[in-house]
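# Working through the structure, step by step
This is what each chain is made of:
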Amino acid sequence: SATSATTAVITGQSDGPQIYICGFDIMGGASATWSLEYGTGTSCTGTNALTGTYPAATNVVGPNAGTQMTIPTGNNVCVVETGGTDVGGYITYAIQ
């Protein structure tokens, strides 16, 4: 979970295989907005949006069956959080 405005790596970089997002369940706090993106390095440089920006206090559940998103090789998956309250949840993924 993220507790302040930040971009946090949540999968670690895929050096060879690709990352496949299979599902997620994320809840933003009272004043936090959040989105998912991918990019390189510890701050997802060269970011590319995976989702739109979700409003505060919104619980979003992505389908948890099969591949929902495919991340290009050599990228991290990150959550971008704004506001001063927690964003938490989980993401299921595979690296192949």
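Below: a short report on this structure. Since we're looking at a predicted model, the values are computed, not measured.

Rules used in this analysis
Residues numbered from 1 in each chain as written. Predicted model: local features only at pLDDT ≥ 70, side-chain atom pairs only at ≥ 80, totals over all residues. Heavy atoms only, no water. Core = buried A, V, L, I, M, F, W, Y, C linked by side-chain atoms within 4.5 Å. Buried < 20%, exposed > 50% of the residue type's maximum accessible area, 1.4 Å probe, protein only. Helix = DSSP H or I, 4+ residues; strand = E, 2+ residues; numbered from the N terminus. Contact = heavy atoms within 4.5 Å. Pairing = 2+ DSSP bridges. Axes fitted to C-alpha atoms, helices over the stretch in contact; angles between N-to-C directions. Disulfide = S-S within 2.5 Å.

Core analysis: the biggest nonpolar cluster contains 15 residues, and Ile21, Phe24, Ile26, Trp34 and Leu36 have the highest contact counts within it. The set of elements that each furnish at least two residues to this core consists of β2 (19–28), β3 (33–40), β6 (69–71), β7 (76–82) and β8 (87–95). The element contributing the most residues to this core is β2, with 4 residues. Discounting residues that sit within four places of it in the chain, Leu36 has contacts with Ile10, Phe24, Ile26, Ala49, Leu50, Thr51, Cys78, Val79 and Ile91.

One open sheet accounts for 4 strands, arranged β1-β7-β3-β4; its pairing is antiparallel. On the outer flanks of this sheet lie β1 (6–9) and β4 (45–49), each paired with one strand and no other. Strand-to-strand, the axes of this sheet are offset by a mean angle of 35 degrees, without reference to chain direction. As paired elements, β3 and β4 share 3 bridges and run antiparallel to each other. Looking at β4, one finds that Tyr38 is bridged to Asn48.

This paragraph deals with the state of the cysteines. For the structure on display, the rule yields 1 disulfide. With a sulfur-sulfur separation of 1.7 Å, Cys44 is cross-linked through a disulfide to Cys78. Looking along the S-S bond of the Cys44-Cys78 disulfide, the torsion reads about 85 degrees, which is the right-handed sense. Within this pair, whereas Cys44 is found in the loop between β3 and β4, its partner Cys78 is found in strand β7, the two being separated by 34 residues in sequence. Assessed through its relative accessible area of 1%, Cys44 is described here as buried.

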